[in-house]
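Descriptive analysis of the structure
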Amino acid sequence: MSEPYIGKRVEITGTSRDDLNGKKGQALAFDTDRGRYLVRVGGDSLFLKPSNLLPAKELGGMPTNVDEAKEMAQEYASELSAKLKMALPPGIEPRDLAFAVAGLALLWKTAGFVRAFAIAAVLATYFLGGGVDAYTAAGGGIAGARAASDAAGEFAAKRASERLS
């Protein structure tokens, strides 16, 4: 069987799932055992029958109307979100990263670079050092804040001792 869709943009059509029909994605590979294409749609990968795929207009160049511009923006945003999800640690969404960057920029603007950097370092230690998990495990509130602080402190001390040795 020829595999004309591999590496190309496709439009999904005729599936039993109405939420998929009309969406566009990228055909990544063809699974000969299943007789289906592996198609990436946003951040998800799906196996779809060749009969459920149509060639889609390739993105690129300038859009000719508002609908094309909107579609291109949504596809690029979806692709960027999917790449960010793969790069971020589990449990952190691209939306969370966007809020963190916006918050840091606002903090930098209002408090200055040195203070913003210091606060960002403390927050990074808190999140990377298991502060969120410790807070949740302790039931939140003051006990959770203490547990989160302890976890972040232990994390920072461990990292510092690793660097000094």
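Throughout what follows, the structure given in this document is the object of discussion.

About the cut-offs
Residues numbered from 1 in each chain as written. Predicted model: local features only at pLDDT ≥ 70, side-chain atom pairs only at ≥ 80, totals over all residues. Heavy atoms only, no water. Helix = DSSP H or I, 4+ residues; strand = E, 2+ residues; numbered from the N terminus. Rg over C-alpha atoms; globule rule 2.2 N^0.38 Å. Buried < 20%, exposed > 50% of the residue type's maximum accessible area, 1.4 Å probe, protein only. Contact = heavy atoms within 4.5 Å. Phe/Tyr/Trp six-rings, centres within 6.5 Å; stacked < 30°, edge-to-face > 60°. Salt bridge = Lys/Arg side-chain N within 4 Å of Asp/Glu carboxyl O. Patch = residues over 30% accessible without salt bridge, like charges linked within 9 Å, V, L, I, M, F, W, Y side chains within 5 Å. Areas by Shrake-Rupley, 256 points an atom, 1.4 Å probe, with all protein chains shown as cover. Pairing = 2+ DSSP bridges. Axes fitted to C-alpha atoms, helices over the stretch in contact; angles between N-to-C directions. Core = buried A, V, L, I, M, F, W, Y, C linked by side-chain atoms within 4.5 Å.

Details of the overall build of the protein
The secondary structure content of the protein amounts to five helices and five strands. Listed N to C, the secondary structure of the protein is β-β-β-β-β-α-α-α-α-α in terms of helices and strands. For the protein, whose C-alpha radius of gyration is 23 Å, the value lies well above the compact-globule estimate of 15 Å for 165 residues. Of all 165 residues assigned to the protein, the portion counted as buried reaches 19%.

Observations concerning the environment of E3
Note that E3 resides in the segment before β1 (9-12). Between the alpha carbons of E3 and A118 there is a distance of 54 Å; along the sequence they are 115 residues apart. Residues in contact with E3, not counting those within four places in the same chain, are F30, T32 and Y37.

So, the packing of aromatic side chains
Enumeration over the complete set of coordinates arrives at four aromatic pairs. A centroid spacing of 4.8 Å and a plane angle of 70° characterise the contact between F30 and Y37, whose relative ring orientation is edge-to-face. The two residues F30 and Y37 agree in class, both being buried. Aromatic pair F113 and F117: ring centres 6.2 Å apart, planes at 25°, arrangement stacked. A residue pair is termed a helical-turn pair when its members lie 3 or 4 positions apart in one helix, as F113 and F117 do in helix α3 (residues 113-128) at four residues. Members of the aromatic cluster, joined through ring pairs, are Y5, F30 and Y37.

Comments concerning the pattern of salt bridges
Note that side chains of opposite charge can pair when their charged atoms are close. By the definition in use, this model includes two salt bridges. We note a salt bridge from D19 to R17, for which the minimum N-O separation is 2.9 Å. When its relative accessible area of 45% is taken as the criterion, D19 is described as partly exposed. Across the pair R34 and D31 runs a salt bridge, and its minimum N-O distance is 3.7 Å.

Remarks on a nonpolar patch on the surface
Judged by side-chain polarity, W108, F113, V114 and F117 come together as a nonpolar surface patch covering roughly 490 Å² of accessible area. Here the element with the most residues in the nonpolar patch is α3; it accounts for three residues. In this structure, W108 sits in helix α2 (residues 94-111).

Topic: the side chain of T15
Its place among the elements puts T15 in the loop between β1 and β2 (24-31). Classification of T15 by relative accessible area gives buried; the value is 17%.

Comments concerning the sheet that holds β1
In a beta sheet, neighbouring strands are held together by backbone hydrogen bonds and run either parallel or antiparallel to one another. Taken in spatial order, the five strands of this open sheet run β4-β3-β2-β1-β5, and their pairing is antiparallel. Each edge of the sheet is formed by a strand with only one pairing partner; in this case those strands are β4 (44-48) and β5 (53-55). Strand-to-strand twist across the sheet, computed as the mean angle between neighbouring axes with direction ignored, equals 45°. Where β1 meets β2, three bridges bridge the pair, whose relative direction is antiparallel. Looking at the pairing, E11 lines up with K24 of β2.

So, the nonpolar core
Note on soluble globular proteins: their nonpolar side chains tend to be buried together. Counting twelve residues, the largest nonpolar core consists of Y5, V10, I12, L20, A27, F30, Y37, V39, V41, L46, L48 and L53. Within the residue set of this core, elements represented by two or more residues are β1, β2, β3 (36-41) and β4. The dominant element in this core, judged by the number of residues it contributes, is β3, at three residues.

What about the pairing of β2?
Two strands pair when backbone bridges link them, and β2 and β3 are joined in this way by five bridges, in the antiparallel orientation. Bridging across to β3, A29 finds its partner in L38. Counting the residues between successive antiparallel strands, the hairpin from β2 to β3 contains four residues, one of them, G35, with a positive phi of roughly 70°.

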